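In case you want the letters, here they are:
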Amino acid sequence: MFLAKVIGSVVASQKSPELQGMKLLFIQPYVNKDKTLVPAGSSIVAVDSVGAGVGECVLFTQGNSARLVHNTKGVPVDAAIVGIVDSVEVEGTIVEKP
Amino acid sequence: MFLAKVIGSVVASQKSPELQGMKLLFIQPYVNKDKTLVPAGSSIVAVDSVGAGVGECVLFTQGNSARLVHNTKGVPVDAAIVGIVDSVEVEGTIVEKP
Amino acid sequence: MFLAKVIGSVVASQKSPELQGMKLLFIQPYVNKDKTLVPAGSSIVAVDSVGAGVGECVLFTQGNSARLVHNTKGVPVDAAIVGIVDSVEVEGTIVEKP
Amino acid sequence: MFLAKVIGSVVASQKSPELQGMKLLFIQPYVNKDKTLVPAGSSIVAVDSVGAGVGECVLFTQGNSARLVHNTKGVPVDAAIVGIVDSVEVEGTIVEKP
Amino acid sequence: MFLAKVIGSVVASQKSPELQGMKLLFIQPYVNKDKTLVPAGSSIVAVDSVGAGVGECVLFTQGNSARLVHNTKGVPVDAAIVGIVDSVEVEGTIVEKP
């Protein structure tokens, strides 16, 4: 899994029927660099499974595991938000969330 | 999933039989950079499942999930377009689609 | 899937028994850059399923989908050539094949 | 699998129910460069399955294999620590662990 | 699959029980650049299934396919060596193995 910040959302009315009703969030992965979380890599569209909102720091999973949460069984998605992050500790220090 | 723009199409008459009749679109992933969607990463060949056309902004999924749409069950593909994007919002702003 | 050019072949006589008889081709992925297909990323060893040869432009798939073609069921491979490309069109122009 | 150093931990109280009780460690992959292990790539959140702690050099696996350890069956995770590294030898030399 | 050179080995005594008895090799992927095989990308820990040794040029596979060789069924690994490379030909020339 990776850490990410929810930066927005995506609306697609013409879509695969299995995706109906899914909340599609736009997220930016963040990684550790010298005890600071910095944006890194490509922004991703992930299905929400935990009630996440824009601006929150989240944990997301990819691949088949994205279809193991309660609302994505059999749905053609490859990324899902599985947690809202309370805190991240790096080498004994609580780092600031993005 | 990632956002992409459909930039073209691919024709392959000699192919794995399971791919017969599949519409193969050539897509360029786009990512967020300062509230602008910019091209990033490699252009990909994806199967269409939603009637997408060249020039449209789409949502695509990869890996096993690409075989969970109506026309790809058991087909040797690893990328499928699963939605046509209406709008993308980043931090409260509707960003321009590519 | 990605586009690639078949650049060569690999011979391995000491191998996993399931790989016996597989034609192992060495391929270089190509991506679109300003309506030109250019080499990008790492050269890959892929199993051929369509009778591809050196110098041809092909379509290949990765991950579990590589084991959905007729000759790879249950075989430990993660990349397979699934089509020989006739033409690639980008924004209304037929681009030159590598 | 890749080598990594456990650099911290992540707490998420609002999460997918299947993740309850999982120890989420924050790890930094390390790779070989001239017989020295150096940090490379993105920091990852992985589930611990072997009692690893901050500062230890570990082995982790990704994708579906992350759900083959004793405590992750059916859990939406894509990375798991599967070993604590005793030693790494490169071309006949024991290299220093990170 | 990718080509790689076996550069060393990894010892982990505290590990997931399914990994007991597995030979963990440390490998460096190699790619083609102008008919020369050059190191590229991250060094990986792979399970051996063919009796490979340090210094040998091998073929490895990733993801679920890594668990389709004789000794890895159900084992939490995502990379396996599946062949020892005899020769690599690029555009009609046998290239030097790393």
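Scroll up for the structure.
Only a predicted model underlies this, so the values are computations on that prediction, with no experimental measurement involved. (Residues numbered from 1 in each chain as written. Chains lettered and ligands numbered in written order. Predicted model: local features only at pLDDT ≥ 70, side-chain atom pairs only at ≥ 80, totals over all residues. Heavy atoms only, no water.)

### Some points on the nonpolar core
What tends to happen in soluble globular proteins is that the nonpolar side chains get buried as a cluster. The condition that has to hold: In plain words, nonpolar cores are sets of buried Ala, Val, Leu, Ile, Met, Phe, Trp, Tyr and Cys residues tied together by side-chain atoms within 4.5 Å. Three exposure classes are used, based on accessible area relative to the maximum for each residue type with a 1.4 Å probe and protein chains only: buried under 20%, partly exposed in between, and exposed over 50%. Contacts between residues were defined by any pair of non-hydrogen atoms, one from each residue, lying within 4.5 Å.
If you look at the biggest cluster of nonpolar residues, it comprises 70 residues, and the most contacted ones within it are A:Ile81, B:Ile81, C:Ile81, D:Ile81 and E:Ile81. For A:Ile81, the contacting residues outside a window of four places in its chain are A:Val6, A:Leu25, A:Ile27, A:Ala46, A:Val47, A:Asp48, A:Ser49, A:Val50, A:Ala52, A:Val58, A:Leu59 and A:Phe60.

### Quick look at the packing of aromatic side chains
Residues and elements named next belong to chain C. To keep things clear, this is the line we draw: Here is the rule: rings of Phe, Tyr and Trp (six-membered ring for Trp) pair when centre to centre is within 6.5 Å. Planes less than 30 degrees apart are stacked, more than 60 are edge-to-face, and the remainder are tilted. Under the scheme used here, helices are H or I runs from DSSP no shorter than 4 residues and strands are E runs no shorter than 2 residues, and both carry numbers assigned from the N terminus.
Under the counting rule described, the total for this entry stands at five aromatic pairs over all chains. Between Phe2 and Phe60, the aromatic rings sit 6.0 Å apart at their centres with planes inclined by 35°, giving tilted as the arrangement. A residue pair is termed long-range when its members are at least 10 positions apart, and Phe2 in strand S1 (residues 2–11) and Phe60 in strand S6 (residues 57–62) qualify at 58 residues. Note on Phe60: relative accessible area 0%, which makes it buried.

### Observations regarding the relation of the copies chain A and chain B
The following threshold applies: Alignment of copies: least-squares fit on C-alpha atoms of residues with pLDDT of at least 70 in both copies.
Note on the copies: chain A fits chain B at an RMSD of 0.0 Å, the axial shift is 0.0 Å, and the rotation between them is 72°. Both copies are brought into coincidence by an operation consistent with a five-fold rotation axis.

### Topic: the interface of chain D and chain E
Heads up, the rule is: Accessible surface is computed with a 1.4 Å probe, and the buried area is the amount of it that two parts give up when combined, taken over both parts together. Two N or O atoms form a polar contact when they lie within 3.5 Å of each other; inside protein one atom must be a possible hydrogen donor and the other a possible acceptor, and for residues adjacent in sequence the pair counts only when both atoms belong to side chains.
On the side of chain E, 27 residues touch chain D, which itself brings 26 residues to the contact. Buried surface at the junction of chain D and chain E, both sides included, amounts to about 2,200 Å², of which 55% is carbon and sulfur. The three residues of chain D that bury the most area against chain E are D:Met1, D:Leu68 and D:Asp86, which together make up 27% of that side's buried surface. The interface formed by chain D and chain E contains 14 residue pairs in polar contact (both at pLDDT 80 or more). Of all the elements in the fold, those that place two or more residues in the side of chain D that touches chain E are strand S1 (2–11), strand S3 (24–33), strand S6 (57–62), strand S7 (79–84) and strand S8 (87–90) of chain D. No other element matches S8(D), which puts four residues into the side of chain D that touches chain E.

### Some points on the interface of chain A and chain B
Our working definition: Every case where a carboxyl oxygen of Asp or Glu lies within 4 Å of a side-chain nitrogen of Lys or Arg is listed as a salt bridge.
Facing the 27 residues of chain A at the interface are 26 residues of chain B. Of all residues in chain A, A:Gln14, A:Pro76 and A:Asp78 bury the most surface against chain B, accounting for 22% of the area lost on that side. Across the contact surface, chain A and chain B share zero salt bridges. The interface formed by chain A and chain B holds 14 residue pairs in polar contact (both at pLDDT 80 or more) in total.

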